[in-house]
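Chain and residue survey
Listed here are the chains, written in short residue letters.
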Amino acid sequence: MDQAIVACSTPPGRGAISVVRISGKEVKSIINDLFSLEFDHGTSKVAETNLSEGFNEKCLISCFESPSSYTGEDVAEISCHGNPLIVRALIQKCIELGARSANPGEFTQRAFLNNKIDLAQSEAVIDLINASSSAAMVAASKSVSGNFGENVDKILESLRKIRILVESSIDFSDQDTNIDFMQINALFKDFRRLLEDFDQKIEEGIRIMSEHRVVVAGPPNVGKSSIMNILSGEEASIVTEIKGTTRDPIYKKIQIKDLQVDIYDTAGINDETVDEIEKLGIDKSRSLIKGADLILEVVDSENRDFSLKKNGNILKVFNKSDISSPPKGFEGVVVSALEKKNISALEEKIYELLSSDGSDALFSARERHRNLVKKAFMEIDSCPDPIDVKNVDIAAEHLKLADIFLGDIKSPMSADDFLGEIFSAFCIGK
Ligand SMILES: Nc1nc2c(ncn2[C@@H]2O[C@H](COP(=O)(O)OP(=O)(O)OP(=O)(O)O)[C@@H](O)[C@H]2O)c(=O)[nH]1
Ligand SMILES: [Mg+2]
């Protein structure tokens, strides 16, 4: 077992409790030295430790003995009062007693190295923490419990069936064995169909995990900032009657029902402006519009013909309904930011448009998975079709490479620095 690692596993800051986690070979002795406590698997005990002169902290210590722990090593979770000073002192004590500070994701990395979970499950743990909707949460939890991995296994199993037949046709080619190429080619077709289906599921799995970026855009002075302030429930943006008030984009995280949404207020689009600062603001608006999942295209009666000339992810909003009416046949939501009219309908529509994305996802997935499937596809596409006695050597090579790429999804055979790269994207304490 490796040297013990220690970190705070709860978010930084003050709260009722914080949890300091230690994992590794010195855990038993550290717990004993800190709390005069016998490390006892499956128990949670209250004990005190002296953290500084005249200051004793009462903690709850939960013990998990190797291999029945998150990391597969001896693990202790120490719940203390949620004060960063206490957390820091506790971590310092653990370091003095033989532990070292954990790197980001190192607990999960150890779980992976100790075969507690595969790589796809480790990634899903982070997806579960970061999920920004209930549907994303469900998808990530399915991946944590192995649904995603089961799909990978099924595909690999199907590929290996073909590989066994192909390889044996090469090994026994000089003998009078009857190699059934019809069967090989039929299996090859089934495998391709499975992989195509999996690729599509991955696409949905990625989409459901993506953040929801909403950009409030439109001409100047139509009430974009007023709408932003109502949706975020605070005075995030400055509102004045002067055209071109907002320059830098303003960003807020908001919650609509079970959906977490990143919302941006932007500078009004005004192609006639000569103001250099306003022009820079408009450039920023345009690049945010490009990357948006949903654009609220706000207009008022003075700008009823304005259009960003974009298709797809646009929700038209007519504002200032307290002083004017929308044009006949207006297709969108009609609101008054000033009188807070119809705002819940606007929220409902935003929710509806964003939450339909990827709601069929069977599991959470990532770009890394998609790239490996793409590479496997390239091998499959380069594989001779149909496979026959003359090209079976070439086919064997491509199938082998496809196997390696697909295998890398769950258990990469590559070097440590690759794993380090993956786990460094995790948070400390995880
Ligand atoms: N009557 C009425 N006035 C509104 C409404 N919403 C906003 N206003 C007014 O319109 C003016 C512009 O509002 P803002 O929210 O700053 O508009 P904006 O689109 O962010 O403007 P820029 O940042 O300059 O592009 C302010 O005087 C607001 O009080 C509304 O629903 N009804
Ligand atoms: Mg504004």
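Bear in mind the structure is a predicted one, so any value in this text is a computation, not a measurement.

**Comments concerning the coordination of the magnesium ion (ligand 2)**
In this structure, S225 (OG) and T246 (OG1) serve as the protein donors to the magnesium ion (ligand 2), at separations of 2.0 Å. Taken together, the positions of S225 in helix α8 (residues 224-232) and T246 in the loop between α8 and β8 (250-256) put the pair 21 residues apart, joining distant regions of the chain.

**Quick look at the pattern of salt bridges**
Applying the stated criterion across every chain, the model contains 32 salt bridges. Across the pair R163 and E167 runs a salt bridge, and its minimum N-O distance is 3.7 Å. Note that R163 and E167 are positioned in helix α6 (residues 147-171) at a spacing of four residues, about one turn of the helix. On the accessibility criterion, R163 (18% relative accessible area) is buried.

**Quick look at the domain arrangement of the chain**
Per the domain assignment, the segments making up the chain are domain 1 (5-118), domain 2 (120-208 + 364-410) and domain 3 (215-355). For domain 1 and domain 3, the distance between their C-alpha centres works out to 47 Å.

**Focus: the site of ligand 1**
Lining the immediate environment of ligand 1, one finds 23 residues, of which K224, S225, S226, G244 and T245 sit closest. Contact between ligand 1 and N221: an oxygen atom at 2.9 Å from a main-chain N or O atom of the residue. Within the complex, 90% of the 650 Å² of free accessible area of ligand 1 lies under protein. Among the residues making up the shell around ligand 1, the classes are represented as seven nonpolar, 11 polar and five charged.

**Regarding the sheet that holds strand β2 (residues 15-23)**
Reading across from one edge, β3-β4-β5-β2-β1-β6 is the order of the six strands in this open sheet, with mixed pairing throughout. The open sheet has two free edges, formed respectively by β3 (44-52) and β6 (100-101), since each of these has just one partner strand. Relative to β2, strand β1 (residues 5-8) is paired through four bridges, and the arrangement is antiparallel. Bridge pairing in β2 places I5 opposite S23. Where helix α1 (residues 27-35) meets the sheet, it contacts β2, β3, β4 (55-64) and β5 (75-82), and its direction lies at approximately 35° from that of β5.

**Regarding the nonpolar core**
Ranked by internal contacts, the top residues of the largest apolar core, which has 34 residues, are F148, L195, F198 and L406. Only α6, α7 (181-209), α11 (367-382) and α12 (392-410) provide two or more residues apiece to this core. Among the elements that make up this core, the one with the highest residue count is α7 (nine residues). What F148 contacts, discounting residues up to four positions off in sequence, is A120, K142, S143, F198, I202, F363, S364, A365, H369 and I409. I22, I30, C63 and V87 belong to the second largest nonpolar core, which has 26 residues in total.

**So, the packing of α11 against α12**
Packed helix pairs are specified by the crossing angle of their axes together with the interaxial distance, meaning the distance between the axes. Taken N-terminus to C-terminus, the directions of α11 and α12 make an angle of 170°; their axes are 8 Å apart at the nearest point. One element, α11, and the other, α12, form an angle in the roughly antiparallel class. Along the contact surface, α11 presents R368, H369, L372, V373, K375, A376, E379, I380 and S382, while α12 presents H398, L399, L401, A402, F405, L406, D408 and I409. Split into classes, the residues belonging to the contact of α11 with α12 amount to 10 nonpolar, three polar and four charged.

**Quick word on empty space enclosed by the protein**
Under the counting rule described, the total for this entry stands at one cavity of 30 Å³ or more. Computed from the structure, the largest cavity encloses a volume of approximately 40 Å³. Examining the composition of the lining of the largest cavity, we find that four residues originate from one element, α7, more than from any other. Residue classes in the lining of the largest cavity are distributed as three nonpolar, one polar and three charged.

**What to know about the environment of I17**
Relative to the assigned elements, I17 resides in strand β2. Along the chain, I17 and H81 lie 64 residues apart, while their C-alpha atoms are 4.5 Å from each other. Apart from the residues lying within four places of it in its own chain, the contact partners of I17 are C80, H81 and G82.

**Notes on the pairing of β3**
Note: β3 against β4, eight bridges, orientation antiparallel. Note on β4: the bridge partner recorded for A47 is C59. Connecting the antiparallel pair β3 and β4 is a turn made up of two residues, with G54 showing a positive phi of about 75°.

Reading the values: the criteria
- Residues numbered from 1 in each chain as written.
- Chains lettered and ligands numbered in written order.
- Predicted model: local features only at pLDDT ≥ 70, side-chain atom pairs only at ≥ 80, totals over all residues.
- Heavy atoms only, no water.
- Donors = N, O, S within 2.8 Å, 3.2 Å for Na, K, Ca; no water.
- Helix = DSSP H or I, 4+ residues; strand = E, 2+ residues; numbered from the N terminus.
- Salt bridge = Lys/Arg side-chain N within 4 Å of Asp/Glu carboxyl O.
- Buried < 20%, exposed > 50% of the residue type's maximum accessible area, 1.4 Å probe, protein only.
- Domains from an automatic or database assignment.
- Near = heavy atom within 4 Å.
- Polar contact = N/O pair within 3.5 Å; in protein donor to acceptor, adjacent residues only side chain to side chain.
- Areas by Shrake-Rupley, 256 points an atom, 1.4 Å probe, with all protein chains shown as cover.
- Nonpolar A, V, L, I, M, F, W, Y, C, P; charged D, E, K, R; others polar.
- Pairing = 2+ DSSP bridges.
- Contact = heavy atoms within 4.5 Å.
- Axes fitted to C-alpha atoms, helices over the stretch in contact; angles between N-to-C directions.
- Core = buried A, V, L, I, M, F, W, Y, C linked by side-chain atoms within 4.5 Å.
- Parallel < 35°, antiparallel > 145°, perpendicular 65-115°, else oblique.
- 1 Å grid on protein atoms, 1.4 Å probe; cavity = no way out; pocket = protein on both sides within 12 Å on 5 of 7 lines; lining within 4 Å.
- Points joined across faces, edges and corners; volume = space filled by probe spheres on them.

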